[in-house]
Protein chains: 2
Amino acid sequence: MQLLKDRILLDGKVVGTEILMVDSFLNHQIDVELLNEMGKEFKSRFDGEEITKILTIEASGIAIAIIAAQYFKVPVVFAKKHVGTNMDKNAYEAKVFSFTKNTLYKIRVSKKYISPTDKVLIIDDFLANGMALIGLSKIVVQAGAKVVGAGIVIEKSFQKGRELAESQGIRVESLARIEKMEDGKVIFKD
Amino acid sequence: MQLLKDRILLDGKVVGTEILMVDSFLNHQIDVELLNEMGKEFKSRFDGEEITKILTIEASGIAIAIIAAQYFKVPVVFAKKHVGTNMDKNAYEAKVFSFTKNTLYKIRVSKKYISPTDKVLIIDDFLANGMALIGLSKIVVQAGAKVVGAGIVIEKSFQKGRELAESQGIRVESLARIEKMEDGKVIFKD
């Protein structure tokens, strides 16, 4: 998606060879107009697929999932990483390893909000090692529902997330695919 | 806002006298159509006010803030509770006490995303004791910017959040104000 690639080139900050900071428009300050264009693009890529629910993970996946949901006209469910006293204890759970934070954490979705008849589109802001995506997919499978695919804003194609997801039969649609980052510059895959 | 009150009566679950669970449509599964109606209502309540930015807090404030931002046509910034390695260290900070979790935590907003000329609308899903709202307001003040007001989805009017915010000169607009909860029922203030 050219609009997003242009924005990454303009406002993204590359740190070393693995970190791309997009906090000025995607995951701290959020450009809602740009998100709307991305939401339309996801709708176009998954056009014709039956989708009944969008699943994402707190916190930075919520914004794009919510905007995309307007085009799919379905509810959003977000998996919780941090469980408050108000969280339903009757939940699907998966373990996710975060390479960024070097910790293992649990994600949870209340059993009430995914049913066996659901056709679920997973949406997230980044795909790197694929740990969050695989965790979300496990939760959908636990519910007996179907993963229709994954809509990703930025894919770090030099990490193994897409390969891992595709090996499990998950269709991955990424709006920007990064081949590599070097000397402070982003080089896209296509 | 009648549509929201009706939905709370239909789908909200009262636990004891203080907890209202709205995870079926507001803060775990999210009804995006309802959020759009709430976004329009916030725009109507703050009509005529100059607003340049919407500020919220992760995770459950993000969805309504993003939808509301579409009507105000401004960017959203969300304060982070959980700081990853990718978070800008040059940030405004405030301490917030959570009565729900009985813990003190820090919230942070990168200094890049609120400037002294900003007119900030704070949006959040709940107002109870007002700790999160006051913390967000402190961050706006640290940036030298102006708090235009607070748009709240559900206000627990039996707790002191509104009083505290108003004592600091913050205009509070809540879409549903709860007078009390008893015997599993919600009684609204107006």
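Everything discussed here concerns the structure shown above.
Values in this document were obtained by computation on a predicted structure and should not be read as measured data.

Asker: Requested: an account of the overall build of chain A, with residues and values cited.
Answerer: Helix and strand counts for chain A come out as 5 helices and 11 strands. C-alpha extents for chain A along the principal axes are approximately 50 × 35 × 30 Å. A burial count over chain A gives 59% of its 190 residues as buried. For chain A, long-range pairs separated by at least 24 residues make up 61% of all intrachain contacts whose partners lie at least 6 apart in sequence. Counting every atom, chain A has about 8,000 Å² of accessible surface; 48% of that belongs to carbon and sulfur.

Asker: Please give an account of the nonpolar core that cites residues and values.
Answerer: In this structure, Leu4, Met38 and Ile54 of chain A together with Leu4, Met38 and Ile54 of chain B are the most contacted members of the largest nonpolar core, which totals 83 residues. In this view, Leu4 of chain B contacts Phe25, Leu34, Met38, Val153, Leu175 and Ala176 of chain B; residues no more than four positions away in its chain are not counted.

Asker: Give me the relation of the copies chain B and chain A: which residues, what numbers.
Answerer: Turning chain B through 180 degrees and shifting it by 0.0 Å along the axis lays it on chain A, with an RMSD of 0.0 Å. Look at the turn and shift together and you get a two-fold axis relating the two. Among all C-alpha atoms of chain B, that of Ala59 of chain B lies closest to the rotation axis, at 2.6 Å. A symmetric contact is evident, with 100% of the interface residues of chain B recurring at the interface of chain A.

Asker: Explain the interface of chain B and chain A to me, and be specific about the residues and the numbers.
Answerer: Listed as interface residues are 38 residues of chain B and, on the opposing side, 38 residues of chain A. Summing both partners gives a buried area of about 3,300 Å² for chain B against chain A, and 61% of it is carried by carbon and sulfur. On inspection of chain B and its partner chain A, the count reaches 0 salt bridges. Counting the contacts that link chain B with chain A gives 17 residue pairs in polar contact (both at pLDDT 80 or more). Sorting the residues of the side of chain B that touches chain A by element identifies β2 (19-21), β3 (29-30), α2 (32-45), α3 (62-72), β5 (76-79) and β7 (103-110) of chain B as the ones contributing at least two each. The element contributing the most residues to the side of chain B that touches chain A is α3 of chain B, with 6 residues. The residue makeup of the side of chain B that touches chain A, split by class, is 18 nonpolar, 12 polar and 8 charged. Sheet analysis places strand β3 (residues 29-30) of chain A next to β5 of chain B, joined by 2 bridges and oriented antiparallel. Across the sheet, the residue bridging to Ile30 of chain A is Val76 of chain B, located in β5 of chain B.

Asker: How would you sum up the pairing of strand β10 (residues 172-182) of chain A? Please name residues and give values.
Answerer: Residues and elements named next belong to chain A. Along β10, 8 of the 11 residues are buried, which leaves the element largely enclosed by surrounding structure. Pairing geometry for strand β9 (residues 146-156) and β10, over 6 bridges, is parallel. Paired with Glu155 across the two strands is Arg177, which belongs to β10. With 4 bridges connecting them, β10 and strand β11 (residues 185-188) associate as antiparallel partners. Residue Met181 lies in a different strand from β11, and its bridge partner there is Val186. Hairpin connection between β10 and β11: a loop of 2 residues separates the two successive antiparallel strands, and Asp183 in this loop has a positive phi of roughly 50 degrees.

Asker: How would you explain the sheet that holds strand β9 (residues 146-156) of chain B if you had to name every residue and give the values?
Answerer: Read from one edge to the other, the open sheet built from 7 strands follows the order β3(A)-β5(B)-β4(B)-β8(B)-β9(B)-β10(B)-β11(B), with strand pairing classed as mixed. With one partner strand each, in any of the chains shown, β3 of chain A together with β11 (185-188) of chain B form the two edges of the open sheet. Alignment of strand β4 (residues 53-57) of chain B against strand β8 (residues 119-127) of chain B, held across 3 bridges, turns out to be parallel. Note on β8 of chain B: the bridge partner recorded for Leu55 of chain B is Ile122 of chain B. Lying on the sheet, helix α4 (residues 131-142) of chain B is in contact with β4, β5, β8 and β9 of chain B; it crosses β8 of chain B at an angle near 165 degrees.

Asker: Tell me about the packing of aromatic side chains, and please be specific about residues and values.
Answerer: With the rule as written, the count across this model stands at 2 aromatic pairs over all chains. Consider the rings of Phe97 of chain A and Phe99 of chain A, whose centres lie 5.0 Å apart with planes at 85 degrees: the pair is edge-to-face. For Phe99 of chain A, a relative accessible area of 48% puts it in the partly exposed group. Cation over ring: Lys5 of chain B sits above Phe188 of chain B, and NZ or CZ is 5.6 Å from the ring centre.

Asker: Any chance you could break down the packing of helix α3 (residues 61-72) of chain A against α3 of chain B for me, citing the residues and the numbers?
Answerer: Taken N-terminus to C-terminus, the directions of α3 of chain A and α3 of chain B make an angle of 55 degrees; their axes are 9 Å apart at the nearest point. For the element pair α3 of chain A / α3 of chain B, the angle class is oblique. Remark: the crossing between α3 of chain A and α3 of chain B carries right-handed chirality. Touching Ile62, Ala63, Ile66, Ile67 and Gln70 of chain A of α3 of chain A are Ile62, Ala63, Ile66, Ile67 and Gln70 of chain B, all from α3 of chain B.

Asker: Go over helix α4 (residues 131-142) of chain A with me, naming the residues and quoting the values.
Answerer: Residues and elements named next belong to chain A. Spanning 12 residues, α4 covers 16 Å between terminal C-alpha atoms, matching the ideal 16 Å at 1.5 Å per step. When we look at burial in α4, the residues that qualify are Ala132, Leu133, Ile134, Gly135, Leu136, Ser137, Ile139 and Val140. At the C-terminal side of α4, Gly144 shows a positive phi close to 80 degrees.

The rules behind each value
- Residues numbered from 1 in each chain as written.
- Chains lettered and ligands numbered in written order.
- Predicted model: local features only at pLDDT ≥ 70, side-chain atom pairs only at ≥ 80, totals over all residues.
- Heavy atoms only, no water.
- Helix = DSSP H or I, 4+ residues; strand = E, 2+ residues; numbered from the N terminus.
- Buried < 20%, exposed > 50% of the residue type's maximum accessible area, 1.4 Å probe, protein only.
- Contact = heavy atoms within 4.5 Å.
- Areas by Shrake-Rupley, 256 points an atom, 1.4 Å probe, with all protein chains shown as cover.
- Core = buried A, V, L, I, M, F, W, Y, C linked by side-chain atoms within 4.5 Å.
- Least-squares fit on C-alpha atoms with pLDDT ≥ 70 in both.
- Buried area = accessible area lost by both parts, 1.4 Å probe.
- Salt bridge = Lys/Arg side-chain N within 4 Å of Asp/Glu carboxyl O.
- Polar contact = N/O pair within 3.5 Å; in protein donor to acceptor, adjacent residues only side chain to side chain.
- Nonpolar A, V, L, I, M, F, W, Y, C, P; charged D, E, K, R; others polar.
- Pairing = 2+ DSSP bridges.
- Axes fitted to C-alpha atoms, helices over the stretch in contact; angles between N-to-C directions.
- Phe/Tyr/Trp six-rings, centres within 6.5 Å; stacked < 30°, edge-to-face > 60°.
- Lys NZ or Arg CZ within 6 Å of the ring centre and 35° of its normal.
- Parallel < 35°, antiparallel > 145°, perpendicular 65-115°, else oblique.
- Left-handed = near helix turned anticlockwise from the far one by under 90°.
- Expected span 1.5 Å × (residues − 1).

From the geometry alone we can't say anything about function, so treat these as descriptive.
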